[in-house]
Amino acid sequence: MPESTKATARTAPKKRLLTQNSDLRRIGVFNWTLPAFVIEMPDGSHFNVCPQAGVCAQLCYARVGTYRFKNVRAAHIRNLLLCRDTPEEFEQQMTEELRHKRYAGKWIRVHDSGDFFSEEYLLAWMRIMRNSPGVRFYCYTKEISLFKRVVVNDPPENFLWCYSLGGKEDHLIDLGNERHADVFPDVEALLAADYTDQTESDLLSVLSESPLVGIPANNIPHLLKKQGQETFGSLQRARDEKLRAKKARVDQRFALAH
């Protein structure tokens, strides 16, 4: 390799792990992104990045539009491969990147797509946060039992979170007292339900006085049609009730047969 080429390779800047989508750039927030829900990996296998996803999986903005562009999808899969398959390398790279002055005093949204797919991955993020005291972090998550077991009793001081309705563990959330977000068909509907509108800034998901965070559904026509006048929470409750009724019928038939 010519010396000039070697020099270029040595001085080539590292690709940043943290990016900014258009909504978060407006409020000065950086984000870390993974693919959403079940994703086909380069080797043909499948991996669920959102293990506790429920009805949200069928209404997810991160499974349509620009998120499906080939280059965007490839970047998100690279992120997943890094943190899933080489967790120590991911933790080292993320911790190193967060030392840059561009992140001083800034907020990082962990996942504008995807979720904490394992306890090991969540613990890695908690170490990253503790090693980055000059940076603040927040997230939405449907991993309710995982957070209550791992995070709630000993959270990093610079980390805030908001539970997100529409998942299989909605029933574990104290809707009257624990901070959570629900997706409504429009702003009028969320205000009528006494939820706080976070349209002005995504940071209101963790900084608003009320723990009831309302999110107007994204303006994606076919998803709006599918959601109708329901919220992610009400749709999940209806699904849970349907599953409970089905299980009760099966149990009754089994009891009668024996």
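Numbering of residues begins from 1 in every chain and follows the order in which that chain's sequence is written. Per-residue local features of the predicted model are confined to residues with pLDDT of at least 70, and side-chain atom pairs are confined, for both listing and counting, to 80 or more; whole-chain, interface and lining totals are unaffected and use all residues. For side-chain calculations, the full set of non-hydrogen atoms in the structure is used, while hydrogens and water are omitted.

Considering the sheet that holds strand 5 (residues 136-141)
- Taking strand neighbours across the sheet as the criterion, the seven strands line up as 1-4-5-6-7-9-8 in an open arrangement whose pairing is parallel. Only two strands of the sheet have a single partner each, and these edge strands are strand 1 (29-32) and strand 8 (196-197).
- Two elements, strand 4 (residues 107-110) and strand 5, share three bridges in a ladder whose sense is parallel. Along strand 5, the bridge assignment pairs tryptophan 107 with arginine 136. Strand pairing follows a simple DSSP-based rule, namely that at least 2 bridges must link the two strands. Secondary structure is summarised from DSSP: a helix means a run of H or I of at least four residues, a strand means a run of E of at least two, and numbering begins at the N terminus for each.

Focus on the side chain of serine 234
- Looking at the element boundaries, serine 234 is found in helix 10 (residues 232-257).
- In protein, a polar contact requires one atom able to donate a hydrogen and another able to accept it; more generally it is a pair of N or O atoms within 3.5 Å, and residues adjacent in sequence count only if both atoms are side-chain atoms. At 2.9 Å, the side chain of serine 234 and the backbone nitrogen of threonine 231 are in polar contact.

Regarding the nonpolar core
- In this structure, Trp32 and Trp125 are the most contacted members of the largest nonpolar core, which totals 60 residues.
- Apart from residues no more than four positions distant in its own chain, tryptophan 32 is found in contact with Leu17, Leu18, Asn79, Cys83, Phe90, Met94, Arg109, Val110, His111, Asp112, Tyr121 and Trp125. By nonpolar core is meant a set of buried Ala, Val, Leu, Ile, Met, Phe, Trp, Tyr and Cys residues that side-chain atoms within 4.5 Å join together. Exposed residues in this analysis have more than 50% of their type's maximum accessible area, buried residues have under 20%, and partly exposed residues fall in between, with area computed by a 1.4 Å probe over protein chains only. Only heavy atoms enter the contact rule, under which two residues are in contact if any of them lie within 4.5 Å.

Notes on the side chain of aspartate 202
- Following the sequence through the fold, aspartate 202 ends up in the loop between strand 8 and helix 8 (204-207).
- Take aspartate 202: its relative accessible area is 12%, and that puts it in the buried class.
- Sequence-distant contacts of aspartate 202, that is, excluding residues within four places in its chain, are made with Leu24, Ile27, Arg109, Tyr138 and Tyr140.

Here's the deal with a positive patch on the surface
- Within the patch definition used here, like charges are joined within 9 Å and nonpolar side chains (Val, Leu, Ile, Met, Phe, Trp, Tyr) within 5 Å, considering only residues with over 30% relative accessible area and no salt bridge. Areas reported as accessible are Shrake-Rupley estimates using a 1.4 Å probe. Residue values count occlusion only from the protein chains shown. Salt bridges are counted wherever a side-chain nitrogen of Lys or Arg sits within 4 Å of a carboxyl oxygen of Asp or Glu. Asp and Glu count as negative and Lys and Arg as positive, but His and the ends of the chain are not part of the count. Where a charge lies is defined by one atom per residue type, namely NZ (Lys), CZ (Arg), CG (Asp) and CD (Glu). Taken together, the side chains of Arg239, Lys242, Lys246, Arg249 and Arg253 make up a positively charged region of the molecular surface.
- Its place among the elements puts arginine 249 in helix 10.

What to know about the packing of helix 4 (residues 87-97) against helix 5 (residues 119-130)
- For helices, the axis comes from a line fit to the C-alpha atoms of the stretch in contact; other axes are also lines fit to C-alpha atoms, and the angle between any two N-to-C directions lies between 0 and 180 degrees. Contact pair helix 4 / helix 5: the axes reach a minimum separation of 10 Å and the direction vectors enclose 25°. Relative to helix 5, the element helix 4 is oriented roughly parallel. Here helix 4 runs over helix 5; the crossing is right-handed. Contacts between helix 4 and helix 5 involve Phe90, Glu91, Met94 and Thr95 from the former and Tyr121, Ala124, Trp125, Arg127 and Ile128 from the latter.
- Gly is placed with the polar residues, together with every amino acid not listed as nonpolar (Ala, Val, Leu, Ile, Met, Phe, Trp, Tyr, Cys and Pro) or charged (Asp, Glu, Lys and Arg). In terms of residue class, the contact of helix 4 with helix 5 is built from six nonpolar, one polar and two charged. Here roughly perpendicular refers to angles of 65 to 115 degrees, roughly parallel to angles under 35, roughly antiparallel to angles over 145, and oblique to all remaining angles. Helix crossings fall into two classes, left-handed where the near helix is turned counterclockwise from the far one by less than a right angle and right-handed where it is turned clockwise.

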